[in-house]
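# Observations on chain architecture
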Amino acid sequence: MDNMIARRSGAAAEAARRLVRAGAPDRELALRRYGALAEKYHQRTATGDHFRRQVVARLAPLPGEVILDVGCGTGLNFKAIRDAVGPGGRLIGVELSPRMLDVARARIERHGWANVEVVQADVAEADIPATADATLLCAVHDVMRSPSALANVLDHLRDGARIVAGGPKWARWTRSDGLSSNFATWRMNRECVTTFEGFRRPWSHLEHLVEDLVVDEVFGGGGYIACASSRWSGPAAAAA
Ligand SMILES: C[S@@+](CC[C@H](N)C(=O)[O-])C[C@H]1O[C@@H](n2cnc3c(N)ncnc32)[C@H](O)[C@@H]1O
């Protein structure tokens, strides 16, 4: 969409440019948005619950594993992960928004999960207190568009760890229903992302950091699930 709009001139294109933000992820905007959204986040995104379950199923956490939930939000994926890793595993959520984490912490307390912890930070700078066996990046487009955030996540994974990312994307514009489908995607996600940059291939930075990314399109191309293992050959590989 970014290119389509960029090529056009006139008032409608200008209005579209204002609506479809396409710069770098904006941390301050994310903090404001999620600060306001936290209490009603689940209600607003409940239609995504089935997708969340699908993405966690692809991660396939095992008993005893250490799992990183990046951009964990209010912890809507915690139960499925905690059930899978069991009391002997460990789940670490990393989240930018203090208000989203308030809800996540209340969830942890309510369930009495002693092995679920959260770190409040921009994941690009987060001091992650473990080396994980697997990581989940569920509906975190802003993180997917930040190479430094992805690099910090990969630095905290053991060799061979599993990486599963899933979220919305633009369907092919040339599909007969491309415009209406992408309009629905935009409406659903405009409060949840601070940029639509890279929305055609949200995994495009990740694919340069891992060697074996496999991407499945879901929802007729309006979503994706990308799976890889963390074989990253270091900064030289990223720069190559
Ligand atoms: C759409 S929500 C997804 C939450 C959760 N993963 C889910 O499946 O419901 C995106 C979350 O990513 C967080 N986020 C965005 N940029 C981030 C960053 N740089 N570091 C950490 N969290 C970030 C937001 O604050 C928000 O809670």
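Note: the structure precedes this text.
Below is a summary of the structure that appears in this document. Everything numeric in this text was worked out from a predicted model, so none of it was measured.

## Observations concerning the overall build of the protein
A tally of helices and strands in the protein yields twelve helices and seven strands. Within the protein, the fraction of its 240 residues that count as buried is 41%. A separation threshold of at least 6 residues defines the contact pool for the protein, and within that pool the share at least 24 residues apart is 72%.

## Examining the site of the ligand
In the vicinity of the ligand there are 23 residues, among which Gly 71, Gly 73, Leu 96, Val 123 and Cys 138 approach most closely. Contributions of two or more residues to the shell around the ligand are made by helix 3 (27-37), strand 2 (90-95) and helix 8 (141-144). Of the residues assigned to the shell around the ligand, the class counts are 15 nonpolar, four polar and four charged.

## Thoughts on the sheet that holds strand 2
Strand pairing in a sheet is mediated by backbone hydrogen bonds. Such pairs are either parallel or antiparallel. In space, the seven strands of this open sheet follow the order 3-2-1-4-5-7-6, with mixed pairing throughout. At either margin of the open sheet sits one strand with a lone partner, and together these are strand 3 (116-120) and strand 6 (214-218). This sheet shows a mean twist of 15° between the axes of neighbouring strands, independent of strand direction.

## As for the pairing of strand 5 (residues 157-168)
With nine of its twelve residues buried, strand 5 lies for the most part within the structure. Where strand 4 (residues 132-138) lies against strand 5, six bridges are found, and the strand directions are parallel. Bridge pairing links Leu 137 to Ala 165 in strand 5.

## Quick look at unusual backbone geometry
Residues other than glycine seldom take positive phi values, yet Ala 60 does so here, at roughly 50°. Looking at where Ala 60 falls in the secondary structure, it is placed in the loop between helix 5 (49-59) and strand 1 (66-70). The phi angle at Ala 139 is positive, at roughly 60°, despite the residue not being glycine. Summarising the element assignment, Ala 139 is placed in the loop between strand 4 and helix 8. Residue Ala 139 is classed as buried on the basis of its 23 C-beta neighbours within 10 Å.

## Here we look at the environment of Arg 201
With respect to the element layout, Arg 201 can be found in the loop between helix 10 (178-189) and helix 11 (206-209). A tally of 15 C-beta atoms within 10 Å means that Arg 201 is categorised as partly exposed. Spatially, the C-alpha atoms of Arg 201 and Arg 145 are 9.9 Å apart, while their sequence positions differ by 56 residues.

## Here's the deal with the nonpolar core
Residues Ile 67, Val 70 and Leu 136 are the most contacted members of the largest nonpolar core, which totals 58 residues. Discounting chain neighbours no more than four positions away, the residues touching Val 70 are Val 94, Val 123, Thr 135, Leu 136, Leu 137, Val 140, Val 143 and Val 153.

## A few points about helix 5
For helix 5, every residue scored as buried is listed here: Val 55, Val 56 and Leu 59. For helix 5, the angular spread of buried residues about the axis comes to 95°, placing them on one side. Those residues of helix 5 hidden inside the fold are in contact with helix 6 (78-85), strand 4, strand 5 and strand 7 (223-229). Positive backbone phi, approximately 50°, marks Ala 60, located one or two places after helix 5.

## Overview of the pairing of strand 2
Of all six residues making up strand 2, six are buried, and the element is well covered by its neighbours. Burial along strand 2 is two-sided: Arg 90, Ile 92 and Val 94 facing one way and Leu 91, Gly 93 and Glu 95 facing the other are all buried. Two elements, strand 1 and strand 2, share five bridges in a ladder whose sense is parallel. Across the sheet, Val 70 pairs through a bridge with Val 94, a residue of strand 2. Relative to strand 3, strand 2 runs parallel, the two being bridged by five bridges. Opposite Ile 92, over in strand 3, you have Glu 117 as the bridge partner. Considered for its hand, the β-α-β crossover made up of strand 2, helix 7 (residues 98-111) and strand 3 is right-handed.

Criteria and cut-off values
Throughout this document, residue positions are counted from 1 along each chain, in the order its sequence is written. Local features in a predicted model are, by the rule used here, given only for residues with pLDDT of at least 70; side-chain atom pairs are given and counted only at 80 or more, and totals for whole chains, interfaces and linings are based on all residues. For helices the rule is a DSSP run of H or I covering at least 4 residues; for strands it is a run of E covering at least 2, with both sets numbered from the N terminus onward. Residues with at least 20 other C-beta atoms within 10 Å of their own are called buried, those with 12 or fewer are called exposed, and the rest are partly exposed. The C-beta atoms themselves are positioned from the backbone. Any residue pair is listed as a contact if its two C-beta atoms, each placed from the backbone, are within 7 Å. Each residue receives a C-beta atom placed from its backbone. It is near a molecule or strand if this atom lies within 6 Å of it. Ten residue types, Ala, Val, Leu, Ile, Met, Phe, Trp, Tyr, Cys and Pro, are classed as nonpolar, four, Asp, Glu, Lys and Arg, as charged, and the remainder, Gly among them, as polar. In this scheme, strands are said to pair when DSSP sees at least two bridges between them. To define axes, lines are fitted to C-alpha atoms, for helices over the stretch in contact only, and angles between the resulting N-to-C directions are given on a 0 to 180 degree scale. Connectivity within a nonpolar core runs through C-beta atoms within 7 Å, and the core itself is a set of buried Ala, Val, Leu, Ile, Met, Phe, Trp, Tyr and Cys residues. Each direction from the helix axis to a C-beta atom contributes to the arc, which is the arc of those directions. Consider the strands pointing away from the viewer: the crossover is right-handed when the path from the first strand over the helix to the second runs clockwise.

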